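The residues making up each chain are set out below.
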Amino acid sequence: MASLSLKHIYKKYPGGVTAVSDFCLEIKDKEFLVLVGPSGCGKSTTLRMIAGLEEITEGELFIGDRLVNDVAPKDRDIAMVFQNYALYPHMTVFENMAFGLKLRKTSKEEIKRRVDEAARILDIAHLLDRKPKALSGGQKQRVAVGRAIVRYPKVFLLDEPLSNLDAKLRATMRTELTKIHQRVQTTFIYVTHDQVEAMTMATRIVVMKDGVIQQVDSPQNLYDSPVNLFVAGFIGTPQMNFINGSLEKKDKDVYFVFGGSKIKLPAEKAEAPELADYIGKEVICGIRPECIHDEPMQLAQYPDSVIETYVEVTELMGAEIYLYLVCEEQNLIARVSSRSQARAGDTIKVALEASRMHFFDKTTEKCILH
């Protein structure tokens, strides 16, 4: 098993394009690390540099205690699972899974033992005689994972492996991959642009933008304490609401003001030293959709943060409803109970949980206070 250390890694292409910039990260043994970010942020390039499929322009990559910058991919003791599965169509499932071991001159008995063991873990033992064309997308995905498992690699690299599957199968395979990680007890590094995959599977998440790490943390900490506007908006479904306004002080009370609406901040936020320099200045307030309420009991619970909004659209999601609201020419999304009586075209009052507001610097976009 192996830990990984990436020290000041850069990937620069001819023409002055920098795909990955000053990437520093310590990846623990047996960790399930997810690299997440929008298309073109450098996450797949980073994975390919770890695999040895892309050359590192600057920096050092260690797998365990071994510097592997100049080590060939086949000698790095890693296994990669691709988005398109990359199965050999003329081989059976057994032959596909055994192929890498045959190249390593592993004995027939050992190959059979390892393939049978992986097939049992992945619940594909009944498919070993089939060719890939006779398999469903989910089965092909399991075979691709099985081919990696049989090699007993130090590190698993997975590049958007679920993106070709339908929504239901993707949800099932997320759970399956988490179970596989727990069984095989090795290091997983997983790339996706889907933050739901990242939130549900990772022990830690690396959020990337334009080739630069924005934040590395546990899923819950990323959700609760984003370091900047980008992370706050990227993590969470629906995404965090952002409201442009200013902080104003009256006597001992501090208010967040936007248009004609005014929200009184609770004492613990009002007295926070981080906000002192922003009184009288413009800031961006962030609030999660589930922290906006429309039930009478909650309006009574938060009387200092009730605002009037216009309902543009409602989306029934089964157990909850998304309300698309407009207030002071700013758009908000509220995630409310399916009991909500709000309908498109209504003007309704909602209460914002001021204790769960985040404030961001308008210029730097860095978080001032959670």
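The present account deals with the structure reproduced in this document. Predicted model, so just to flag it, every value in this text is computed and none were measured.

**Here's the deal with the packing of aromatic side chains**
The full count for this structure, using the stated rule, is 8 aromatic pairs. Members of the aromatic cluster, connected to one another through ring pairs, are Phe32, Phe156, Phe188 and Tyr190. Positioned over the ring face of Tyr223 is Arg288, at 3.9 Å from the centre of the ring.

**A few points about the environment of Phe23**
Here Phe23 lies in strand β2 (residues 17-27). With 16 residues separating them in the primary sequence, Phe23 and Lys7 have C-alpha atoms 6.7 Å apart. The contact partners of Phe23, leaving out residues within four places of it in the chain, are Leu6, Lys7, His8, Ile9, Leu35, Thr46, Val206, Met208 and Ile213.

**Describing the side chain of Glu197**
Along the polypeptide, Glu197 turns up in helix α6 (residues 195-201). Although Glu197 lies buried, it forms no salt bridge, and the closest oppositely charged side chain, Arg170, sits 4.3 Å away as judged by the N-O distance. Polar side-chain contacts of Glu197 include one of 2.7 Å to the side chain of Tyr190.

**Thoughts on helix α4 (residues 137-149)**
A rise of 1.5 Å per residue sets the reference length of α4, with its 13 residues, at 18 Å; its end C-alpha atoms lie 18 Å apart and thus fit the reference within 8%. With 10 of 13 residues buried, α4 is to be regarded as a mostly interior element. For α4, the set of buried residues is Gly138, Gln141, Arg142, Val143, Ala144, Val145, Gly146, Arg147, Ala148 and Ile149. Among the structural elements, β6 (78-81), α2 (93-103), α3 (108-122), β7 (155-159) and α5 (167-184) are those in contact with the buried residues of α4.

**Thoughts on the environment of Lys264**
Here Lys264 lies in strand β13 (residues 261-264). Along the backbone, Lys264 and Ser305 are 41 residues apart, and their C-alpha atoms lie at a distance of 6.2 Å.

**A word on the pairing of strand β1 (residues 4-13)**
One face of the sheet, then the other: side chains in a regular strand alternate in exactly this way. Of the pairings in the sheet, the one linking β1 to strand β4 (residues 58-63) comprises 5 bridges and is antiparallel in character. By the bridge assignment, Lys7 is partnered in β4 with Glu60. Summarising the sheet, β1 and β2 pair through 7 bridges and their orientation is antiparallel. Looking at the pairing, Lys12 lines up with Thr18 of β2. Two successive antiparallel strands, β1 and β2, enclose a turn made up of 3 residues, where Gly15 displays a positive phi of approximately 95 degrees.

**Thoughts on the sheet that holds strand β17 (residues 320-327)**
Pairing is antiparallel across the open sheet formed by 5 strands, whose spatial order is β15-β19-β16-β17-β18. At either end of the open sheet lies a strand with only one pairing partner, and these are β15 (292-293) and β18 (330-337). The pairing of β17 with β18 spans 8 bridges and is antiparallel. Note that in β18 the partner of Leu325 across the bridge is Leu332.

Criteria and cut-off values
- Residues numbered from 1 in each chain as written.
- Predicted model: local features only at pLDDT ≥ 70, side-chain atom pairs only at ≥ 80, totals over all residues.
- Heavy atoms only, no water.
- Phe/Tyr/Trp six-rings, centres within 6.5 Å; stacked < 30°, edge-to-face > 60°.
- Lys NZ or Arg CZ within 6 Å of the ring centre and 35° of its normal.
- Helix = DSSP H or I, 4+ residues; strand = E, 2+ residues; numbered from the N terminus.
- Contact = heavy atoms within 4.5 Å.
- Buried < 20%, exposed > 50% of the residue type's maximum accessible area, 1.4 Å probe, protein only.
- Lys, Arg positive; Asp, Glu negative; His and termini not counted.
- Salt bridge = Lys/Arg side-chain N within 4 Å of Asp/Glu carboxyl O.
- Polar contact = N/O pair within 3.5 Å; in protein donor to acceptor, adjacent residues only side chain to side chain.
- Expected span 1.5 Å × (residues − 1).
- Pairing = 2+ DSSP bridges.

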